[in-house]
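Coordinates in review
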Amino acid sequence: MNKNIQKWVIILAPLVLICGILFNKVLFEDYQFQGGDSLSPKAVRMGIENATHEFAEYPLWMPWLFSGMPSVHSFQNISEYYLPHLLMKGLMAFGLSQFWEFIFHFIFAALGMIVLLQYLKVEDSVAFFGGITYMMMPYLVTMIVHGHGSQMMTTAFIPWVMWAIIRLKGFPNWSNMGILALLMGLQLQRAHVQIAYYTWMLVGLYLVMEIIFNYVNKKAEFTRVIMWSIPAFVLAISMSMWIYLPATSYTPFSIRGAGGGGGTGLEYATQWSFSMGEMLTFLNPSYYGFGGATYWGNMPFTDYPNYMGILVLLFAIYGIFTYKDRFRIFLITASVFALLLSFGHHFKHFYQFFYDFFPYFNKFRVPVMILVLLQFNVVVMAALGLNDLIKKIKNGDSDLKRFFILGGVLFFLLVLLNGLFDSIAEFGKRSNPLLNTMRADLMSADTLRVGILLLLGMGSIYAISRKWLSEFTGIGIITLLAIIDVGIVDKMIIEPAPESYRTSTLKKEEFMHAYLKEDSIIRFLQSDTSKFRILPLGALERENRWSAFQIESVSGYHPAKMGNYNELMTKMGWNYPGILQMLNVKYLISQEKLEHRLFRLVHEGSLYVPDQYVNAFVYQFNGFTNRFFFAKNVSTLHEDVIFTQMKTPGFSPLENSFTAEKLPQFNYDVSASVELVAWSPNSIKMKTISPSIQFLVMSEIYYPNGWEITGHPEMEIFEVNNALRGIIIPEGEFEFEMVFVPTDLKYGTIFTWASLLLILGLIAMPIIKKK
């Protein structure tokens, strides 16, 4: 076997083994992670797949959530637009489970770190230490456990992107430019915008600092770096245009961009702000509890500690205090920036500067998420620090006082914090006698474990320096200790102990099967072949399970729902019968019995909610109105006045509807009729017969970018009642089709494939030149 291939086989084998141990129940038993953020995407995906099969086209419009919204534009089920996923689908056709896509990205993350560290002239064994600790970072594991797979997969690209930009800086050529563009483009395609944005911030800071270093040293290299980098960035963005061109088109009409200037409010955006005190979890993962009920920090809640490993922390701190080369100054600077930004409202003015002046930054929430950059930097610094130690020992320098002093300080802090925990910990509103005892026990247990591993790691370095252990064996032991350290934390995240007061998302597959299988309520709703929507009440209101069965709901959960629809929900709610009429609501679904003159019980039966079947009730709305109807009167009013008018008692959209735009003249005629000829998520075909010009109101959500009437470019679609669509219908018999054909997606797709071909051509240039 070729030595290079043999080397990578040796590297890959333990990476696969560790993934197999961590996720053995998912890979080899009938278990799946089934948290709320895992179930909802599966339901939506099932609905989209079933609709694609039924209507022979991908549903670009998704009618099952919030009465209808775009799918690709709102980042819903866009794995199909991530090129590596298409390769994974090919493997799945041969029986490989979809979870392997996550495993491949864990390994990809580790390999990226190894390649980066090797490029930085780190010893192979130390590079492996860095790769495996990055792969096992609790942050990455948590994302999979709690249903944020795209977040983990996007993070896996960070070391690869940094390797590519450093390589381009060192060897600027077309091929390296293409490699950087490809990696950044694929990361953007994975579509966790916030993590990708943070990666670009890291790359941007690297380039800015290189420019500063070159300017100080009076070198002209920085112009060369910029000249080669900018085209790569443009190509990367172009390669992801089939996602981001529709998304940027949609954003002004979503809650992320509707209204003045867009974005989320600062207070809302900074709810999950890290605190200075919680930096102690870098040292002891259980200092602030361990997520769930035991957590007592400042964030609303969390599922994991931001722990990186005690040996990783030790070697990183040592790396800071050794050589002050340019790259380490960059790592330190980037880490400080990431840490300060993670503080959010605890360091308000600093965060607000980025919020106010950095493009799109105000659309992000959860400031603590940026700690992923800190964790990446710490792993890189740890590998550099360990490499420094090994080189120092190799060169015969046995003076390791600084290292052992740092290790001693960390050990002292561990013991001190544990001893003072009862007196300095302030649980505040989260105080509970039982939980407080558990928190103290967790703290003590982790102090003992982390302390022992710290001493063993320091002992291994000492043994290497005394030649009691070979360099390879010593680093192997240190790597094993780091694996044990972080692996224990990972396992606590993956499989919380029953007595931990934390909910496990790891459940038997039978629960997932039940979630995606019809129950009594679903079967009843499916038996009604008319066009209608449902209004789930209570805890069911934020449920997306209906999507799996293509049942249209007026509610659900989505972080970027339509802005006009959100305003309708916020200002009107569901307490007005006229609103239920205009939204085509036919059934209410409730877990409780109701008594109301406008609703009558039509079915009672089992309904599956996560982990169990419950008894539920279906009530039919007596004021149910057809999906399509002719309006008797339409008044032109200001948007706010329209809401006021709809709140008046007795409001009925059939009698009076409203537009903000003046309509052409029409004459309502009771004999006019409308017939639904054909329907699919992307197309509505209708036939009308009328003795005069009419105004047809469609209980379909208004979105200006994409919906059009084929063959009739002169026909305008109006916004009715601040949410619905309406069109002027000519007299006589008229048949038309309203289709969703967003040109932004079409042009974005052209950009993507053209850019990809160009990028591949750039990468292949050295091969072409040789020929």
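Residues numbered from 1 in each chain as written. Predicted model: local features only at pLDDT ≥ 70, side-chain atom pairs only at ≥ 80, totals over all residues. Heavy atoms only, no water.

1. Observations concerning the pattern of salt bridges
In plain terms, the rule: Here a salt bridge means any side-chain nitrogen of Lys or Arg lying within 4 Å of a carboxyl oxygen belonging to Asp or Glu. Helix and strand assignments come from DSSP, with helices taken as H or I runs of at least 4 residues and strands as E runs of at least 2, each series counted from the N terminus. Only protein chains enter the calculation, and the probe is 1.4 Å; a residue is then buried if its accessible area is under 20% of its type maximum, exposed if over 50%, and partly exposed in between.
If you walk through the whole model with that rule in mind, you get 26 salt bridges. The salt bridge involving Arg-449 is made with Asp-485; its shortest N-O contact spans 2.8 Å. Placement of Arg-449 in helix 20 (residues 433–465) and of Asp-485 in helix 21 (residues 471–494) is noted, with a sequence separation of 36 residues between them. For Arg-449, a relative accessible area of 14% gives the class buried. For Asp-485, a relative accessible area of 1% corresponds to the buried category. We note a salt bridge from Arg-627 to Glu-700, for which the minimum N-O separation is 2.9 Å. Within this pair, whereas Arg-627 is found in the loop between strand 8 (612–621) and strand 9 (628–630), its partner Glu-700 is found in strand 14 (residues 694–701), the two being separated by 73 residues in sequence. For the pair shown, Arg-627 and Glu-700 are each scored as buried. One network of salt bridges, with partners in common, ties together Lys-531, Arg-533, Glu-552, Arg-627 and Glu-700.

2. Focus on empty space enclosed by the protein
The cut-off we apply is this: Think of a 1 Å grid over the protein atoms and nothing else: a 1.4 Å probe that fits but is trapped marks a cavity, an open set flanked by protein within 12 Å on at least five of seven lines marks a pocket, and residues with an atom within 4 Å of a point count as lining. Grid points are joined across faces, edges and corners, and a volume is the space filled by probe spheres set on the points. Throughout, the ten residues Ala, Val, Leu, Ile, Met, Phe, Trp, Tyr, Cys and Pro are labelled nonpolar, Asp, Glu, Lys and Arg are labelled charged, and all others, Gly among them, are labelled polar.
Throughout the structure, instances matching the rule amount to two cavities of 30 Å³ or more. Estimates place the volume of the largest cavity at around 70 Å³. Forming the boundary of the largest cavity are 14 residues, of which Glu-278, Tyr-295, Thr-302, Tyr-304 and Pro-305 lie nearest the centre. When the residues that make up the lining of the largest cavity are grouped by side-chain class, the tally is eight nonpolar, five polar and one charged.

3. Remarks on the sheet that holds strand 13 (residues 683–690)
Rules: Between any two strands, at least two bridges found by DSSP are needed for them to pair. Only the contacting stretch of a helix is used when fitting its axis, a line to C-alpha atoms as for every element, and angles between N-to-C directions run 0 to 180 degrees.
Pairing is antiparallel in the open sheet, where four strands are placed in the order 12-13-18-15. Bordering the open sheet on either side are strand 12 (673–680) and strand 15 (707–709), each of which pairs with just one other strand. Across the sheet, the mean angle separating the axes of adjacent strands is 20° when strand polarity is ignored.

4. Regarding the nonpolar core
Our working rule: Note on terminology: a nonpolar core comprises buried Ala, Val, Leu, Ile, Met, Phe, Trp, Tyr and Cys residues joined through side-chain atoms within 4.5 Å. Should any heavy atoms of two residues lie within 4.5 Å, those residues are counted as being in contact.
Counting 249 residues, the largest nonpolar core has Phe-23 and Leu-583 as the members making the most contacts within it. Tallying contributions element by element places helix 18 (residues 371–394) first for this core, with 16 residues. In contact with Leu-583, other than residues within four places in its own chain, are Ser-67, Arg-533, Val-554, Tyr-565, Leu-568, Trp-574, Ser-699, Ile-701 and Leu-724.

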